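Residue-level listing of the chains:
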Amino acid sequence: MEGHEEERVCGKWRVACGLNSYNLRDVFTWHLLKTIIMGQVLSLLICGTAVSCQYLADAKVETPMLQSFLNYVLLLLVYTTILGTRKGDRNLLQILKTKWWKYLVMGLADVEANYAVVKAYQFTTLTSIQLLDCFVIPVLMVLSWFFLKTRYRLLHFVAVTVCLLGVGAMVGADILAERDQGSTSHVMLGDGLVLLSAALYAVSNVCQEHTVKNLSRVEFLGMMGLFGTLISGIQLAVLETRAVAAITWNCHISMLFAVYALCMFVLYSFMPVVVEMTSATAVNLSLLTADLFSLFCGIFLFHYTFSPLYIISFVVITVGFVMFNALPSYSALPESSSSEDDPAEAFADVTAESPSDCLLSAGKDSQGVETLTAVAAL
């Protein structure tokens, strides 16, 4: 009887952690490998923006709003144009009539998040930015819990903790290597800007996940291009007119702007694909390695000091990312509510997926249903 009770307790813990009916073959799948590779491609693109920004800073060019504006213009020219040529209920005019204010909020959050984190480098240290920027992950999980009704298991929280330990190892390597930490003129202001940026990124990412999973990637990118161009254009005219006029334009400077804009455009175009496959939280965990790629590039380009802790950090973050994606999170959101504004979409969603199968991440398969059944049985 005692042995049976122990088995029952162990079974509860396995279900709570999401380990019921899972083995290594269920975890290490081709889907997981694709997710890891695509996540690291996103990190490499962010690395490309960081390197180009560093070269622009070395050339005394500090125009973060202009750089963002170029990216939003590219999104406008490609994806907003596609929306404008659509016919029917999902064309640009119909979207603007019904949901313009939602996309305005999303665009405002994204533009100001980009601006705040770049501005923070003028006031606080690199270590503070690397640590506080991770604030986006808990904020994103909280927003996903309340607005997307995403439900996480114990293993997901453990995985996030492991990833943050990897970030700690990276920051420790920077301190030991005595890297230049940047400005410390107004540390509290800089730290506040980083936290604000993280919160705004979380808002933007939640909007992105909802849009790409319930509507379409083209709609998200088209509306981001439209409102991002409008907002960043106004902010550029107000804040950076003199800075832009002071730029000494040459082939080198123009190439750096082009590299930055291209990396950002590909990043924005590719990221919704990965979010649709997994979740915004999983994508942000994979992006924690972007700073490491920047450091690796800095070793060759800017003569940073190498530390074995960088390798350890990369491995730890990757392990945490694998742990997070090994088991599916699931949604408690009624299926009809995601498409309540469009009855045709609601009907299409119902015919495509049964109400009992609401998994939102990499584990959209029968194993997730078995786990939910086990929870209900207990």
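If you're wondering where the values come from, they're calculated on a predicted model, not measured in any experiment.

Draft legend 1. Highlighting the overall build of the protein. Helix and strand content of the protein: 17 helices and two strands. Out of the 378 residues in the protein, the part that is buried amounts to 48%. Considering only contacts within the protein whose residues lie at least 6 apart along the sequence, 88% involve residues at least 24 apart. On the protein, roughly 18,200 Å² of surface is accessible, and the fraction owed to carbon and sulfur atoms is 69%.

Draft legend 2. Focus on the nonpolar core. Ranked by internal contacts, the top residues of the largest apolar core, which has 40 residues, are Leu42, Leu75, Met223, Met224, Phe257, Tyr268 and Val283. Secondary structure elements with two or more residues in this core: α3 (30-58), α4 (64-85), α5 (92-120), α10 (217-239) and α12 (251-277). Per-element tally for this core: the top contributor is α12, with 12 residues. Among residues more than four places away in sequence, those in contact with Phe257 are Leu56, Val61, Thr63, Leu66, Gln67, Leu70, Ile247 and Trp249. Among the nonpolar cores identified, the runner-up in size contains 32 residues, and Cys134, Leu148, Ala282 and Leu295 belong to it.

Draft legend 3. View of the pattern of salt bridges. Scanning the model with the defined rule gives three salt bridges in all. A salt bridge links Lys99 to Glu219; its shortest N-O distance comes to 3.3 Å. Highlighted residues: Lys99 in helix α5 and Glu219 in helix α10, separated in sequence by 120 residues. By relative accessible area, Lys99 is classed as buried at 10%. Linking Glu209 and Lys213 is a salt bridge whose minimum nitrogen-to-oxygen distance equals 3.2 Å. In this pair, Glu209 and Lys213 are both assigned in helix α9 (residues 187-214), four residues apart and thus about one turn of the helix distant.

Draft legend 4. The arrangement of the environment of Ile311 in detail. Here Ile311 lies in helix α15 (residues 308-326). The spacing of Ile311 and Met170 is 141 residues in sequence and 8.7 Å in space, taken between C-alpha atoms.

Draft legend 5. Broad picture of the packing of aromatic side chains. By the definition in use, this model includes seven aromatic pairs. Aromatic pair Tyr72 and Tyr268: ring centres 6.1 Å apart, planes at 85 degrees, arrangement edge-to-face. Here Tyr72, found in helix α4, pairs with Tyr268, found in helix α12; they are 196 residues apart in sequence, far enough to count as distant. Ring centres of Tyr152 and Phe324 lie 6.2 Å apart, and the angle between their planes is 50 degrees; this geometry places the pair in the tilted category. Taken as a pair, Tyr152 in the loop between β1 (150-151) and α8 (154-176) and Phe324 in helix α15 lie far apart in primary sequence, 172 residues in all. The exposure classification of Tyr152 matches that of Phe324, with both residues buried. An aromatic cluster of three or more residues is present, and its members are Tyr152, Phe157 and Phe324. The side chain of Arg151 reaches across the aromatic face of Trp145, ending 4.1 Å from its centre.

Draft legend 6. Looking closely at the packing of α3 against α15. Closest axis-to-axis distance for the α3/α15 pair is 11 Å, and the angle between their directions is 135 degrees. Put simply, α3 runs oblique to α15. In this structure, α3 crosses over α15, and the sense of that crossing is right-handed. Where α3 approaches α15, its residues Leu32, Thr35, Ile36 and Gln40 are matched on the opposing element by Phe314, Phe321, Val322 and Asn325. Class assignment of the residues belonging to the contact of α3 with α15 gives a composition of five nonpolar, three polar and no charged.

Cut-offs used in this document
Residues numbered from 1 in each chain as written. Predicted model: local features only at pLDDT ≥ 70, side-chain atom pairs only at ≥ 80, totals over all residues. Heavy atoms only, no water. Helix = DSSP H or I, 4+ residues; strand = E, 2+ residues; numbered from the N terminus. Buried < 20%, exposed > 50% of the residue type's maximum accessible area, 1.4 Å probe, protein only. Contact = heavy atoms within 4.5 Å. Areas by Shrake-Rupley, 256 points an atom, 1.4 Å probe, with all protein chains shown as cover. Core = buried A, V, L, I, M, F, W, Y, C linked by side-chain atoms within 4.5 Å. Salt bridge = Lys/Arg side-chain N within 4 Å of Asp/Glu carboxyl O. Phe/Tyr/Trp six-rings, centres within 6.5 Å; stacked < 30°, edge-to-face > 60°. Lys NZ or Arg CZ within 6 Å of the ring centre and 35° of its normal. Axes fitted to C-alpha atoms, helices over the stretch in contact; angles between N-to-C directions. Parallel < 35°, antiparallel > 145°, perpendicular 65-115°, else oblique. Left-handed = near helix turned anticlockwise from the far one by under 90°. Nonpolar A, V, L, I, M, F, W, Y, C, P; charged D, E, K, R; others polar.

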